[in-house]
Amino acid sequence: MAIALGMDAFSLGIGVGVNGVRRRDVMRIVMTVSLFHILMPVLGILTGHYVGELLGYLTKFVSGGLLLLLGGHMLYSSLKSGANQLINYRSWPGIFLFSLSVSVDSFSVGVSLGMFHSNLLLTVLTFGLFGGLMSLFGLVLGRGVSRSLGDYGEAIGGSILFAFGLMFIF
């Protein structure tokens, strides 16, 4: 389950990494994604069944909307070289939005986990570990590919994030 929840962090990490990301930013993103992959299931467990059902339906719209916003902005920035950058995914608010978008599905999983009598601490720590590792692998892979793509990297990364946003919603 931890690998499945981390796959979106991997895929979206590629999209962000293609734009070119510094090592320092990679570590900030990885640590934040790991933290969110721990906090979101814990919040899901604490929130309970009723709210989980309500938000479970909305999860795909929230995460998809965040990805559409990030991807659309990256596409816009790549086409308008002199445009003001509203969302900088290397900044803390940008990292927060990215981490939230890849971790929001963990909330619904956390609600389900609350019904089982398993080692919840070990489970959510495993989610955090795999979420962070998967985002690291995606960011590093995207970063490596960006060297060969040059100026098109941001447009490709934005397109990937935008496409995932549409996939989450539809």
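Residues numbered from 1 in each chain as written. Predicted model: local features only at pLDDT ≥ 70, side-chain atom pairs only at ≥ 80, totals over all residues. Heavy atoms only, no water.

Turning our eyes to something else, we now look at the side chain of H37. Note on placement: H37 falls in helix α2 (residues 23-47). Not counting chain neighbours up to four residues away, the residues in contact with H37 comprise L5, G6, A9, V102, S103, S106, V124, F127, G128 and G131. (Helix = DSSP H or I, 4+ residues; strand = E, 2+ residues; numbered from the N terminus. Contact = heavy atoms within 4.5 Å.)

Topologically, L166 is positioned in helix α6 (residues 153-169). For the pair L166 and F61, spaced 105 residues apart in the sequence, the C-alpha separation amounts to 9.2 Å.

Counting across every chain of the model gives one aromatic pair. Each ring, one from F36 and one from F96, has its centre 5.3 Å from the other, and the planes form 75°; the classification is edge-to-face. Of the two residues, F36 is situated in helix α2 and F96 in helix α4 (residues 92-113); the sequence distance between them amounts to 60 residues. F96 sits in the partly exposed class, given a relative accessible area of 42%. Positioned above the aromatic ring of W92 is the side chain of R28, whose terminal nitrogen or guanidinium carbon lies 4.7 Å from the ring centre. (Phe/Tyr/Trp six-rings, centres within 6.5 Å; stacked < 30°, edge-to-face > 60°. Buried < 20%, exposed > 50% of the residue type's maximum accessible area, 1.4 Å probe, protein only. Lys NZ or Arg CZ within 6 Å of the ring centre and 35° of its normal.)

With that settled, consider the packing of helix α1 (residues 2-18) against α2. The geometry of α1 relative to α2 is characterised by a closest axis approach of 12 Å and an angle of 155° between their N-to-C directions. One element, α1, and the other, α2, form an angle in the roughly antiparallel class. The crossing of α1 and α2 is right-handed. Of α2, the residues touching α1 (which contributes L5, G6, A9 and V16) are I29, V33 and H37. Partitioning the contact of α1 with α2 into residue classes produces five nonpolar, two polar and no charged. (Axes fitted to C-alpha atoms, helices over the stretch in contact; angles between N-to-C directions. Parallel < 35°, antiparallel > 145°, perpendicular 65-115°, else oblique. Left-handed = near helix turned anticlockwise from the far one by under 90°. Nonpolar A, V, L, I, M, F, W, Y, C, P; charged D, E, K, R; others polar.)

Attention now moves to the pattern of salt bridges. All told, the structure shown has two salt bridges when counted by the stated rule. Between R22 and D25 there is a salt bridge, with the nearest N and O atoms lying 3.0 Å from each other. Note on D25: relative accessible area 0%, which makes it buried. (Salt bridge = Lys/Arg side-chain N within 4 Å of Asp/Glu carboxyl O.)

This brings us to α1. Its 17 residues place the ends of α1 24 Å apart at the C-alpha level, agreeing with the 24 Å of an ideal helix rising 1.5 Å per residue. The element α1 is largely enclosed, with a buried count of 13 among its 17 residues. Looking one or two residues past α1, G20 carries a phi angle of roughly 90°, positive in sign. (Expected span 1.5 Å × (residues − 1).)

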